[in-house]
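Listed below are the residues making up each chain.
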Amino acid sequence: MRASGTTTAPATAPPVTTTPPTAPPAATAKAAPRATAPPSGRPRAYDVVVVGGGIIGLVTAWRAAQQGLSTAVADPDPGGGAARVAAGMLAAVTELQYGEQTLLELNLASARRYPSFAEELTEATGLGLGYRPCGTLAVALDSDDRAELRELHTFQRSLGLEAQWLTGRECRRLEPMLAPGVRGGLRVDGDHQIDPRRLACALLKAAERAGVAFLREPVERITVARDRAEGVVLRDGAAPAAGRVVLAAGSLSGRIAGLPPRVVPPVRPVKGQVLRLRIPPAYAPFLSRTVRAVVRGGHVYLVPRENGELVVGATSEELGWDTTVTAGGVYELLRDAHELVPGITELPLVETLAGLRPGSPDNAPLLGPTELPGLLLATGHHRNGVLLTPVTGDVMAHALTHGGLPPYAEPFAAGRFADAPGAPDTPLPHAPVPHERPSPQEQTA
Ligand SMILES: Cc1cc2nc3c(=O)[nH]c(=O)nc-3n(C[C@H](O)[C@H](O)[C@H](O)COP(=O)(O)OP(=O)(O)OC[C@H]3O[C@@H](n4cnc5c(N)ncnc54)[C@H](O)[C@@H]3O)c2cc1C
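Predicted model only: the values in this text are computed from it and were never measured.

Draft legend 1. The site of the ligand, seen in detail. As a structural note, the neighbourhood of the ligand is formed by 45 residues, with G54, G81, G250, G272 and G385 the closest of them. Only α1 (55-66), β12 (268-278) and β16 (349-359) provide two or more residues apiece to the shell around the ligand. Ranked by residue count, the leading element in the shell around the ligand is β16, at four residues. Both domain 1 (1-132 + 193-267 + 360-445) and domain 2 (136-189 + 269-358) contribute no fewer than three residues apiece to the shell around the ligand.

Structure follows, in structure tokens:
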């Protein structure tokens, strides 16, 4: 995906003359972004440079530009990243895991934001996002799976979440393509879906329209001088200065050089393989909502899009930056999906893909200012990055204009792992850039 309006800054950057984080400019939704521009008209200093143009970097840049901040996104492939692979479930309730109650609050807040966020983005760009308020059905195929789902239901109800237990027959009445062996399920009418590729396209266009500049180069390092982040150095040698640098490089966020170890985010890649099938018009509506299942302890989901696409996912593998689609991954997904919905073997298989979730130690994002003045994080969204896009935009706009986090985002403060055992205490080696993966020796197990 390519954006127009690419802007590359010259190699030598002047001192930053932009607004410090503690004294943000007044928030004016339609204010034109300001940049220090040399006579050539190409800015070489920005209020904000965002490292990484995945959905999280793009929503941050869009919101920053709306606040009147001159903003650039540095990324060789903006609008790409994990969203190209992601299923797009907005599944705060069915994705609930034990120990993640704090994250649940943020997930729910973002799910509530989605309708107005999608409307605003569509209004700004004229692009649809494939937002489908269709609900989710989570089913079990044997008695162990049913016991697990029952436990999840009890947990959900203890937190006041809306989920209705259905018998196998009731599940099949809702979704007739389900296998006869389905033993029961949970109907969750509040867990919806969006098309992440369309979301990324729309965010790219919205950011461009709001005046964000795109620097189509990998960031080699973040420049730190006088104990603050002052800009970035791109692979082509350009070094745009920045009042604030936002690190939003997904699973590579921990590998950008130049930062003191205490502020390097502890983010790791978590590989996910997905399949895309097509539902021919004669078979429509194949499924009317997202269907997910526990199949002999494993998890599989089927996400039917309004355009006839059916996404089947996803594996979860800790293999470093490997994005190989494997026979085993495809086999397991098809095997489990077939057990759940036998008719899927009739559908054309149109795509297989693997992507990397940016995992954090507690599966929650790292947001806002760090100990290093001028450096903010927006990373670690793991398996909920699509769901968390609206609220991340809100939180980062607040952080960039007020200097801190809004109270509801404080549990997700960027610095919460700085003193954790195992936090990096030595500088990382020179960072790889996208498309230059670390060697197998460097990859995590
Ligand atoms: C298989 C799979 C299924 C998923 N399903 C869902 C789902 O159903 N619901 C949900 O909410 N979430 C889901 N997710 C998670 C979601 O996709 C991610 O959390 C989200 O896309 C992360 O976005 P990001 O912008 O933080 O990172 P990324 O998408 O990884 O983007 C990072 C960007 O940084 C750039 N970059 C990296 N290094 C540099 C550098 N040195 N210089 C410049 N740029 C750099 C990259 O080019 C990339 O564009 C899924 C993910 C996967 C893999």
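Draft legend 2. Molecular detail of the sheet that holds strand β13 (residues 290-295). Taken together, eight strands build an open sheet; the order of strands is β5-β6-β4-β13-β14-β15-β12-β16 and the sheet is mixed. If you trace the sheet from one side to the other, it starts and ends with β5 (164-167) and β16, each paired once. Adjacent strand axes in the sheet meet at a mean angle of 20 degrees, parallel and antiparallel pairs treated alike. Alignment of strand β4 (residues 136-140) against strand β6 (residues 184-188), held across five bridges, turns out to be antiparallel. Bridge pairing in β6 links T136 to V188. Seen against the sheet, helix α3 (residues 143-158) touches β4, β5, β6 and β13 and runs at an angle of roughly 30 degrees to β6. Along the sheet, helix α6 (residues 327-340) makes contact with β12, β13, β14 (298-304), β15 (309-313) and β16, crossing β14 at roughly 75 degrees.

Draft legend 3. Seen up close, the nonpolar core. Ranked by internal contacts, the top residues of the largest apolar core, which has 130 residues, are V51, L203 and A207. Each of domain 1 (1-132 + 193-267 + 360-445) and domain 2 (136-189 + 269-358) gives at least three residues to this core. Among all residues touching L203, those that are not within four sequence positions of it are I55, L58, V59 and W62.

Cut-offs and rules
Residues numbered from 1 in each chain as written. Predicted model: local features only at pLDDT ≥ 70, side-chain atom pairs only at ≥ 80, totals over all residues. Near = placed C-beta within 6 Å. Helix = DSSP H or I, 4+ residues; strand = E, 2+ residues; numbered from the N terminus. Domains from an automatic or database assignment. Pairing = 2+ DSSP bridges. Axes fitted to C-alpha atoms, helices over the stretch in contact; angles between N-to-C directions. Contact = placed C-beta atoms within 7 Å. Core = buried A, V, L, I, M, F, W, Y, C linked by C-beta atoms within 7 Å. Buried ≥ 20, exposed ≤ 12 C-beta atoms within 10 Å, placed from the backbone.

Keep in mind these values describe shape, not function.
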